[in-house]
Amino acid sequence: GGGGGGGGGEPSPEAAEEHQREEDASSQRSFLTATGAIFLLIGTVSFLTPLCDVLSLLGLPHEGVGQWPCWMIIFFVAIFATICFVLFAVAMIWSCTRPWAALVLLGVSVLGNLLCTTANPLLIMLWVGVSCPILYWYFEWYPNWCKEEEQDMPHWCQGIGPRQLDFDITHWGNSYKVAGLGVMRDAKTLIPEGAYQHMEGLLG
């Protein structure tokens, strides 16, 4: 009985493909999340900016703290609103797989939403000053410390996962292409074969 094929530990093609898809998805997640946040910020600014004109037409004061122009206040409100919404959305997505990390993001998001509605710059700055150290400690400093000290990470400390984000436009473009191919593969059974091959060739 020679020839005991040495491929017993080889993963099946389906398992290898699924693993590759998971790798692709995790590597592109940061780019897609950042893209969504950018579009959300642009939409929020576009939605709120006309309020300055409405206040002006009604003869109401449309300047906030000191002599800051209305558009600047709108811009900063949009930034904080976008950050809070993105944190909330990620918390909901993580709630089943990383509940403790989701709880941290949810707490920061809810507190930010509550304080931002007060329009008090001191309270908003307080939220920024408290939230940034908490997020950095939980997602960056403490996991790195456990790794350096060769300590087991406690169950309540759940990392943010693999992430890479830079300003190379080709990486952003590749993330959209990989995400598009992933969506197409998931919907392959719903797309006619000829149309699927055509779209796959375009995304190539």
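Parameters and conventions
Residues numbered from 1 in each chain as written. Predicted model: local features only at pLDDT ≥ 70, side-chain atom pairs only at ≥ 80, totals over all residues. Heavy atoms only, no water. Helix = DSSP H or I, 4+ residues; strand = E, 2+ residues; numbered from the N terminus. Buried < 20%, exposed > 50% of the residue type's maximum accessible area, 1.4 Å probe, protein only. Expected span 1.5 Å × (residues − 1). Contact = heavy atoms within 4.5 Å. Core = buried A, V, L, I, M, F, W, Y, C linked by side-chain atoms within 4.5 Å. Phe/Tyr/Trp six-rings, centres within 6.5 Å; stacked < 30°, edge-to-face > 60°. Lys NZ or Arg CZ within 6 Å of the ring centre and 35° of its normal. pLDDT = per-residue confidence, 0-100.

(A) Broad picture of the overall build of the chain. Looking only at helices and strands, the chain features seven helices and zero strands. In the chain, which comprises 204 residues, the share counted as buried stands at 22%.

(B) Looking closely at helix α4 (residues 99-116). With 18 residues, α4 extends 25 Å from end C-alpha to end C-alpha; this agrees with the ideal 26 Å at 1.5 Å per step. In this structure, the buried residues of α4 make contact with α3 (70-94) and α5 (121-148).

(C) Summary view of the nonpolar core. If you look at the biggest cluster of nonpolar residues, it comprises 15 residues, and the most contacted ones within it are W94, A101, L105, W127 and F139. Residue assignment for this core shows that the elements contributing at least two residues are α3, α4 and α5. Looking at this core element by element, the count peaks at six residues for α3. Not counting the four nearest positions on each side in its chain, L105 is found in contact with L87, V90, A91, W94, L135 and F139.

(D) Main features of α3. Compared with an ideal rise of 1.5 Å per residue, which puts 25 residues at 36 Å, α3 spans 36 Å between its outermost C-alpha atoms and is within 8% of the ideal. Taken as a whole, α3 has its buried residues at C70, I74, A78, F80, T82, C84, L87, V90, A91 and W94.

(E) Quick peek at the packing of aromatic side chains. This model, assessed by the stated rule, comprises nine aromatic pairs. With 6.0 Å between their ring centres and 70° between their planes, F75 and F76 make a pair best called edge-to-face. According to the relative accessible area criterion, F76 is partly exposed, its value standing at 36%. Each ring, one from Y138 and one from F139, has its centre 4.8 Å from the other, and the planes form 80°; the classification is edge-to-face. On the accessibility criterion, Y138 (4% relative accessible area) is buried. Relative accessible area serves as the criterion here: at 11%, F139 is assigned to the buried category. Members of the aromatic cluster, joined through ring pairs, are W137, W141, Y142, W145 and W156. Against the face of W94 rests R98, its NZ or CZ located 4.8 Å from the ring centre.

(F) Region of the structure containing the confidence of the model for the chain. Confidence along the chain averages 77 in pLDDT terms, with 66% of residues attaining 70 or more. Per-element confidence in the chain ranges from a low mean pLDDT of 66 for helix α7 (residues 193-203) to a high of 92 for α4. For residues 1-8, every residue scores under 50 in pLDDT, and the model assigns this stretch zero contacts once sequence neighbours within four places are set aside.

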